[in-house]
Every structure is written in C-alpha cells, then in structure tokens.
Amino acid sequence: MSPQVAVRWSGIGVWDRPEDEAVLDAGERHRSTTIRHPGARARFVVAHATLRRLLADLLGADPTTFQITADRTGRPRVAPMTRWSISLSHTHDAVAVAAGRDVEVGVDIERLDRDWLPPLGRWCTAPEVAACRAPGTETGPLAVRLWTGKEALAKAAGVGMRMSFHDFGVLEPTVLDPRPRSGRNDPATGAIRWLDLSPRHAIALAILPVALEGGVRSARRLPSRCG
Ligand SMILES: CC(C)(COP(=O)(O)OP(=O)(O)OC[C@H]1O[C@@H](n2cnc3c(N)ncnc32)[C@H](O)[C@@H]1OP(=O)(O)O)[C@@H](O)C(=O)NCCC(=O)NCCS
C-alpha cells in the first residue's frame, strides 16, 4: 500500500458541542479538565474529536476505539495503528488535524492576521527575509505561512521548537533538509505544502519519511491524496 495522508480542519466559534466530548477517551477528558481557560479547553476538545473522526473515516471504525497518547516529547501517537502517524494544531478560532500512513505528518494552523511573531531575522533564512520585505508583498500573511511550514515540519520530525527555524528554508524548495538540532532525528528530506482550506488561516502540512515501529520506511513517493 502506498503512503496516504488526510487533513481536516474545523472552526470553533461559540463552542457548545457535547458530541465532541463524547468521542474522547478517559485520558483526553481528564486532560481537558486540567485546562482552565475555556477557549483553550474548547480548542483541545474540538481538535482531539476532529482527529478521532478523521481516523474513524479513514479506517471505517468508531471514533471512540482509538487510544491516543503523547510520547515523552508531547508528540501524539495513536494505537494500535503503528503504521499511522497523527498531528494536530490549534489556533484561537480553529483547529487542524492530519493523519498519515507510512509517513510522519505534521500540521500547523495559524490565523493569517496573527499580530505577533518573533523578528524575522531570528527564525527566517536570508531569502525568506528578503521575500517578506519585497516591495508589494504582504509581509504579515507571508510570514505566517512560513511560520506554519516550519512548525509543521518540526512536528513531523517530532522535535517541536527544539528545531532551529533559522537553519532551514520553506519558501522555495518543497524538498528540504530540516537538520533538527537535537541529533535524535537524522537529517531527512521531506515536503511541505500549504492547503487552501480556509481564507482566514494558513494551514501547513509537512510529510517526512518515517521510523515507525518496525523500522525505517522510505517515503519517496509522496501521498497523492489530501482530503
Ligand atoms: C510542538 C509545538 C511546536 C506546538 O506548538 P504550539 O504552536 O504551541 O501548538 P499547536 O496548537 O500548533 O500544536 C499543539 C500540538 O502539538 C503536538 N505536539 C506537542 N509536542 C510535539 C512534538 N514534540 N512533536 C510533534 N507534535 C507535538 C500536540 O499534539 C499538541 O496538541 P495537544 O497538546 O492538544 O495534544 C511545541 O509545543 C513544542 O515545541 N513542543 C516540544 C516541546 C519539547 O521539546 N519537549 C521536550 C520534552 S523531552
């Protein structure tokens, strides 16, 4: 079977969706009760419920049957489907989730009008800074897209913000060498794509070859289906 990737997003709005809580497992429900801020709690519940429904649709299973845990770095994993990687992201008013078979996926969502990011020079390569400052360019939305691409790749690599965003570019090449800082993950080539699912958000998906249980699998043929 060839690699397969699927992505889904959901707006949050005024949140009153008991049906989302109903599909979570005991661990997720417990985690949600530890989140004090109502908005953050809603984002957590909607993200995890959306991810469960995506997996259920992909596998023809009930959304409550999956065990979703986090490894010691915080990276989510789903059992017992060891061929599948999962990723999720929340921003103020929306969530995005992804699942990939035989690849590592990372997803990130941010509002295009996000009003704060670190100074460009601290996390962008020189060509990225130049592109953001080019005359006629809407700097803010482009910077947000670059940021989501880098976060998505860092999640696919399982290293989060420990990866130096300054060390790799996501603007020009779709195939890149993320060179994670930690040394735990070997350098790997991967692909980033931005999905036009929402007019108000940047949603980036990163796809990397995987080292799932059972050994390293090559993922040269990138998934052809995003749904
Ligand atoms: C991953 C990270 C970049 C997320 O950033 P963010 O913009 O605050 O949040 P997002 O909403 O986009 O993503 C949050 C999701 O990322 C996922 N995530 C957390 N750590 C992750 C990691 N190491 N790899 C992949 N995904 C991770 C989680 O699923 C989390 O959602 P959840 O808590 O609801 O399950 C950030 O949390 C991070 O850098 N984590 C790593 C921390 C770390 O290095 N820990 C080392 C401990 S040994």
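Visitor: Looking at this structure, how should I read the overall build of the chain?
Guide: A count of helices and strands for the chain gives 6 helices and 11 strands. Sequence separation of at least 24 residues holds for 59% of the intrachain contacts in the chain that already meet a minimum separation of 6.

Visitor: Even after reading the chapter, I still don't get the site of the ligand, so can you show me in this structure?
Guide: Close contacts around the ligand come from 19 residues, with Gly74, Arg75, Ser89, Gly160 and Met161 the closest. Listed by contribution, the elements that provide at least two residues to the shell around the ligand are helix 3 (38-59), strand 4 (84-91) and helix 6 (139-156). Per-element accounting of the shell around the ligand gives the leading share, 4 residues, to strand 4. Looking at the shell around the ligand residue by residue, the class counts come to 6 nonpolar, 7 polar and 6 charged.

Visitor: I tried to follow helix 3 on my own but got confused; where do I start?
Guide: An α-helical turn contains 3.6 residues, so a residue and the one three or four places further along point in the same direction. The terminal C-alpha atoms of helix 3, which comprises 22 residues, lie 32 Å apart, in line with the 32 Å expected from a rise of 1.5 Å per residue. Gly60 sits one or two residues past helix 3 and shows a positive phi near 60 degrees.

Visitor: Looking at this structure, I do not really get the sheet that holds strand 4. What am I missing?
Guide: The strands that make up a sheet pair up through hydrogen bonds in the backbone, lying either parallel or antiparallel. Taken in spatial order, the 3 strands make up an open sheet running 1-5-4, and their pairing is antiparallel. The open sheet has two edge strands, strand 1 (4-11) and strand 4, and neither has a second partner. If you compare each strand with its neighbour and ignore which way they point, the axes differ by 10 degrees on average. As defined by bridge partners, strand 4 adjoins strand 5 (residues 94-101) across 8 bridges and the pair is classed as antiparallel. Bridging from a neighbouring strand, Leu88 pairs with Val97 of strand 5. In the packing of helix 3 onto the sheet, the strands contacted are strand 1, strand 4 and strand 5, and the crossing angle to strand 5 comes to about 35 degrees.

Visitor: Looking at this model, I keep getting lost on the pairing of strand 2 (residues 67-70). Mind explaining?
Guide: On any regular strand, side chains alternate: one points to one face of the sheet, the next to the other face. The sheet contact formed by strand 2 and strand 3 (residues 76-79) spans 4 bridges and is antiparallel. Directly across from Thr69, in strand 3, lies its bridge partner Arg77. Connecting the antiparallel pair strand 2 and strand 3 is a turn made up of 5 residues, with Gly74 showing a positive phi of about 100 degrees.

Visitor: It is not clear to me how the environment of Met161 should be interpreted in this structure. Could you clarify?
Guide: Within the fold, Met161 resides in the loop between helix 6 and strand 7 (175-176). Among the residues examined, Met161 registers 12 C-beta atoms within 10 Å and is labelled exposed. Sequence separation of Met161 and Lys150 is 11 residues, and the distance between their C-alpha atoms is 9.3 Å.

Visitor: Got a minute to help me understand the nonpolar core in this structure?
Guide: Of all hydrophobic cores here, the largest spans 50 residues; its most connected members are Val97, Ala98, Val105, Val107, Leu205 and Ala206. Taken together, the elements giving at least two residues each to this core come down to strand 1, helix 3, strand 4, strand 5, strand 6 (104-111), helix 6 and strand 9 (201-208). Per-element tally for this core: the top contributor is helix 3, with 9 residues. Look past the residues within four positions of Val97 in its chain and what remains in contact with it is Arg8, Ala47, Thr50, Leu51, Leu54, Leu88 and Val107.

Visitor: Sorry, what's going on with the packing of helix 2 (residues 26-33) against helix 3 here?
Guide: A pair of packed helices is captured by two measures, namely the crossing angle of their axes and the spacing between those axes. At a minimum axis distance of 9 Å, the contact between helix 2 and helix 3 shows a crossing angle of 165 degrees. The angle between helix 2 and helix 3 falls in the class roughly antiparallel. Here helix 2 and helix 3 pass one another in a crossing that is right-handed. Across the interface between the two elements, Glu28, Arg31 and Ser32 from helix 2 touch Arg41, Phe44, Val45 and His48 from helix 3. Looking at the contact of helix 2 with helix 3 residue by residue, the classes come out as 2 nonpolar, 2 polar and 3 charged.

Visitor: Help me understand the packing of helix 5 (residues 126-133) against helix 6, please; the structure alone is not making it clear to me.
Guide: Here helix 5 crosses helix 6 at 150 degrees, and the two axes come no closer than 8 Å. Classified by the interaxial angle, the pair formed by helix 5 and helix 6 is roughly antiparallel. Residues Glu128, Ala131, Cys132 and Arg133 of helix 5 form the contact with helix 6, whose participating residues are Thr139, Leu142, Ala143 and Leu146.

Visitor: Any chance you could explain the confidence of the model for the chain here in plain terms?
Guide: Per-residue confidence for the chain gives a mean pLDDT of 83; residues scoring 70 or more make up 82%. Considering only residues more than four positions removed or in separate chains, one finds that residues 173-188, a stretch of pLDDT under 50, has 36 contacts. Confidence over residues 212-227 falls short of pLDDT 50; this stretch has 33 contacts with residues more than four positions distant or in other chains.

What counts and what doesn't
- Residues numbered from 1 in each chain as written.
- Predicted model: local features only at pLDDT ≥ 70, side-chain atom pairs only at ≥ 80, totals over all residues.
- Helix = DSSP H or I, 4+ residues; strand = E, 2+ residues; numbered from the N terminus.
- Contact = placed C-beta atoms within 7 Å.
- Near = placed C-beta within 6 Å.
- Nonpolar A, V, L, I, M, F, W, Y, C, P; charged D, E, K, R; others polar.
- Expected span 1.5 Å × (residues − 1).
- Pairing = 2+ DSSP bridges.
- Axes fitted to C-alpha atoms, helices over the stretch in contact; angles between N-to-C directions.
- Buried ≥ 20, exposed ≤ 12 C-beta atoms within 10 Å, placed from the backbone.
- Core = buried A, V, L, I, M, F, W, Y, C linked by C-beta atoms within 7 Å.
- Parallel < 35°, antiparallel > 145°, perpendicular 65-115°, else oblique.
- Left-handed = near helix turned anticlockwise from the far one by under 90°.
- pLDDT = per-residue confidence, 0-100.

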